[in-house]
Amino acid sequence: MAKPEAQSEQSKSWLDRPAFGNITISWEMVVFGVIILLAILSRFYDLGARVMSHDETSHVYFSWQLFKGNGYSHSALTHGPLQFHLIALSYFLFGDSDFTARIPMALFSIMTVGFAWNFRRYIGRIGALIAGALFLISPYIFYYGRYARNEAFVGLFGLVSLWAILRYLDRGENKYLYFLTAATALHFTSKETSFIYVA
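**Student:** Run through the layout of surface pockets, naming residues and quoting values.
**Tutor:** By volume, the largest pocket is sized at about 200 Å³. As for the largest pocket, its lining consists of 14 residues, and the residues nearest its centre are Tyr140, Ile141, Glu151, Val154 and Gly155. Among the secondary structure elements, those contributing two or more residues to the lining of the largest pocket are helix H6 (103-115), helix H8 (139-144) and helix H9 (151-171). Per-element accounting of the lining of the largest pocket gives the leading share, five residues, to H9. Here the residues of the lining of the largest pocket are counted per class, giving seven nonpolar, five polar and two charged.

**Student:** Which residues make up H9, and what are the values?
**Tutor:** Relative to the 30 Å expected for 21 residues at 1.5 Å per residue, H9 spans 30 Å between its end C-alpha atoms, a close match to the ideal helical length. Immediately beyond the C-terminal end of H9, within one or two residues, lies glycine 172, with a positive phi of roughly 70°.

**Student:** A description of unusual backbone geometry should follow, citing residues and the corresponding values.
**Tutor:** Not every positive phi belongs to a glycine, and aspartate 46 is a case in point at roughly 55°. Here aspartate 46 is to be found in the loop between helix H2 (27-44) and helix H3 (54-67). Accessibility expressed as a relative area gives 46% for aspartate 46, which makes it partly exposed. You will see that histidine 79, though not glycine, has its phi angle at about 70°, which is positive. As for its position among the elements, histidine 79 is in the loop between H3 and helix H4 (82-94).

**Student:** I'd like a description of the packing of aromatic side chains, backed by residues and values.
**Tutor:** By the definition in use, this model includes 18 aromatic pairs. Measuring from ring centre to ring centre gives 5.1 Å for tyrosine 143 and tyrosine 144, while their planes differ by 85°; the resulting arrangement is edge-to-face. Exposure remark for tyrosine 143: the relative accessible area of 40% places this residue in the partly exposed category. With a centroid separation of 5.1 Å and an interplanar angle of 25°, the aromatic rings of tyrosine 143 and tyrosine 147 are classed as stacked. Assessed through its relative accessible area of 7%, tyrosine 147 is described here as buried. Taken together, the aromatic side chains of Phe115, Phe119, Trp163, Tyr176 and Phe179 make up a single cluster linked through ring pairs.

The rules behind the values
Residues numbered from 1 in each chain as written. Predicted model: local features only at pLDDT ≥ 70, side-chain atom pairs only at ≥ 80, totals over all residues. Heavy atoms only, no water. 1 Å grid on protein atoms, 1.4 Å probe; cavity = no way out; pocket = protein on both sides within 12 Å on 5 of 7 lines; lining within 4 Å. Points joined across faces, edges and corners; volume = space filled by probe spheres on them. Helix = DSSP H or I, 4+ residues; strand = E, 2+ residues; numbered from the N terminus. Nonpolar A, V, L, I, M, F, W, Y, C, P; charged D, E, K, R; others polar. Expected span 1.5 Å × (residues − 1). Buried < 20%, exposed > 50% of the residue type's maximum accessible area, 1.4 Å probe, protein only. Phe/Tyr/Trp six-rings, centres within 6.5 Å; stacked < 30°, edge-to-face > 60°.

See below:
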């Protein structure tokens, strides 16, 4: 026989039930959520204010040419083609400006900060929170997360590669080899540091 509390719960309209009754949010998730929020704010705040450097112009100009329909020709001088296509996509979606040229790098920098969450198994929950916070305030990750170059991509692909290797050694599941392969392939489309990582 059902308890009176259970019967009254069942008789309630769905409008009276908690919207997120099955979701429990821990303080760990709250702290990591704050880290991600700060990463978003710090990467996007005034993103287009700084004038384009010479190094950035060699990337954004050819991305703009691709966006305008004038094609793209790969040159090792400007590293891999991934950033040109992502910047051109950003121009297509949001218009061409200094701000939109840097959106892909800002997004990858935020994903790098967020990916620290996946290392809880290896460095512990506190360790993952500290790693996320350090990625957030790292001058290197912060600077290149707001700069139209390849480093923001390389940072994420390197982390994904390490995580995929550790997970494969842990569990032996092929899906982690697919993650490693995807991260490595994308790294090769980004920068020559891929050769060092593979070696």
